[in-house]
Amino acid sequence: MILSSFFAALRQMTDPRFRNVLLMGIGLTLLLLIGMCFGFVWLVGLLVGDQTTLPLIGEVTWLDDVASWGTGLMVAVLSIFLMVPVASAITSMFLDTVAQAVEDVHYPGLGQAQSVPIVDALRDTLGFLGVLILANIFALVLYVLFAPAAPLIFWGLNGFLLGREYFTLAAIRRVGRQKAKQLRSKHVFKIWAAGFLMAVPLSVPLLNLVIPILGAATFTHLFHRLAPLAPSGQTSPNP
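Presented here is a report on the structure given in the accompanying data block. (Residues numbered from 1 in each chain as written. Predicted model: local features only at pLDDT ≥ 70, side-chain atom pairs only at ≥ 80, totals over all residues. Heavy atoms only, no water.)

## Some details on the overall build of the chain
- Assigned secondary structure in the chain consists of eight helices and two strands.
- From first element to last, N terminus to C terminus, the chain shows the α and β order α-α-β-β-α-α-α-α-α-α.
- Counting across all 239 residues of the chain, residues that qualify as buried make up 44%.
- In the form shown here, the chain has an accessible surface area of approximately 13,000 Å², with 73% of it arising from carbon and sulfur atoms. (Helix = DSSP H or I, 4+ residues; strand = E, 2+ residues; numbered from the N terminus. Buried < 20%, exposed > 50% of the residue type's maximum accessible area, 1.4 Å probe, protein only. Areas by Shrake-Rupley, 256 points an atom, 1.4 Å probe, with all protein chains shown as cover.)

Rendered as structure tokens:
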């Protein structure tokens, strides 16, 4: 079921709607990270000031430039590591388009899905981004303590988080938030296994930027196979 969902999603990756979401997510991510970099440079320069007096040296006028560009360089390097989680979170705001594209091709006749209010979508996106970053920061300790198993820890942790996020996104459109949670709890191990499959390519540069699109499409298929919907859009009594 998981592999068939994955390959069905993979065959649809050339869909123009998939491509548009990918480009939009990457573009907004780059704008955000570039803006953050310049914002930090400006803030540090403002806080340090044009002139500073240092012990033994006296008054200097170049410290703000050193501090600003040093901070900018640090933020730029940090942005490389933040690119994937930030792109994943921002792209998740537009993954409803991906799910709809999958349903239009593979599950026609279901009717219009429930639209998630923009406030809820933004809240879910920020929550997912925060959890994703914090969980991976805390996992650094495990990577050091259990270095040989670091890849498995990374894939297992992010697989759980991605599976949870993308299944909920696919399910909530059709059955609501409460029912989506129930289905997620019922099929937790299948969802985790599918998320693990999504997490493995996260360590491959460039390919990891496609994972939100591929994940949303895969979990849309997985949702419809775990909880088939009648033509009216309601869950079948015998999924």
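From this point, the discussion proceeds with the structure in view.
## What about helix α5 (residues 118–145)?
- Its 28 residues place the ends of α5 41 Å apart at the C-alpha level, agreeing with the 40 Å of an ideal helix rising 1.5 Å per residue.
- Along α5, the largest kink reaches about 30° and is centred on A139.
- Residues of α5 that are buried include every one of A121, T125, F128, L129, L132, A135, N136, A139 and Y143, and no others. (Expected span 1.5 Å × (residues − 1). Bend = angle between axes of the 7 residues up to and from the residue.)

## A closer look at the pattern of salt bridges
- In this structure the tally under the stated criterion is five salt bridges.
- A salt bridge links R173 to D96, with the nearest nitrogen and oxygen atoms 2.4 Å apart. With R173 in helix α6 (residues 150–186) and D96 in helix α4 (residues 95–106), the pair connects residues that are 77 residues apart, well separated along the chain.
- With its nearest N and O atoms 2.6 Å apart, the salt bridge here joins E103 to R174. One end of the pair, E103, is in helix α4; the other, R174, is in helix α6, with 71 residues separating them in the sequence.
- Connected via shared salt-bridge partners are D96, E103, R173 and R174. (Salt bridge = Lys/Arg side-chain N within 4 Å of Asp/Glu carboxyl O.)

## What to know about the packing of aromatic side chains
- According to the stated counting rule, one finds five aromatic pairs in the structure shown.
- Ring plane angle 75° and centroid distance 5.5 Å describe the contact between F160 and W192, whose orientation is recorded as edge-to-face. Placement of the pair is F160 in helix α6 and W192 in helix α7 (residues 188–199), with a sequence separation of 32 residues.
- On the basis of relative accessible area, F160 is assigned to the partly exposed category, the value being 35%.
- Judged by its relative accessible area of 34%, W192 is partly exposed. (Phe/Tyr/Trp six-rings, centres within 6.5 Å; stacked < 30°, edge-to-face > 60°.)

## Considering the side chain of R174
- Here R174 falls in the buried class, since its relative accessible area comes to 7%.
- Within the structure, R174 has its side chain in polar contact with the backbone oxygen of L110 (distance 3.4 Å). (Polar contact = N/O pair within 3.5 Å; in protein donor to acceptor, adjacent residues only side chain to side chain.)

## Looking at a nonpolar patch on the surface
- On the surface, a cluster of nonpolar side chains totalling about 430 Å² of accessible area is made up of L134, I137, F138 and L140.
- Of note, I137 is situated in helix α5. (Patch = residues over 30% accessible without salt bridge, like charges linked within 9 Å, V, L, I, M, F, W, Y side chains within 5 Å.)

## Here we look at the environment of L23
- Mapping L23 onto the fold places it in helix α2 (residues 16–48).
- Of the residues examined, L23 reaches a relative accessible area of 53% and is grouped as exposed.
- Taking the C-alpha atoms as reference, L23 lies 9.1 Å from T91; in sequence the two are 68 residues apart.

## A closer look at the nonpolar core
- L95, V98, L162, F167, F219 and F223 are the most contacted members of the largest nonpolar core, which totals 39 residues.
- The set of elements that each furnish at least two residues to this core consists of α1 (2–11), α2, α4, α5, α6, α7 and α8 (211–226).
- When residues in this core are grouped by element, the largest group, 10 residues, is from α6. (Core = buried A, V, L, I, M, F, W, Y, C linked by side-chain atoms within 4.5 Å.)

## Focus on the packing of α7 against α8
- Running from N to C, α7 and α8 cross one another at 155°; their axes reach a closest spacing of 10 Å. On the basis of the axis angle, α7 is roughly antiparallel to α8. In this structure, α7 crosses over α8, and the sense of that crossing is right-handed. Contact residues: K190, I191, A194, G195 and M198 in α7; I211, L214, G215, T218, F219, L222 and L226 in α8.
- Considered class by class, the residues forming the contact of α7 with α8 number eight nonpolar, three polar and one charged. (Axes fitted to C-alpha atoms, helices over the stretch in contact; angles between N-to-C directions. Parallel < 35°, antiparallel > 145°, perpendicular 65-115°, else oblique. Left-handed = near helix turned anticlockwise from the far one by under 90°. Contact = heavy atoms within 4.5 Å. Nonpolar A, V, L, I, M, F, W, Y, C, P; charged D, E, K, R; others polar.)

Note that all results are geometric; they support no functional claim without further evidence.
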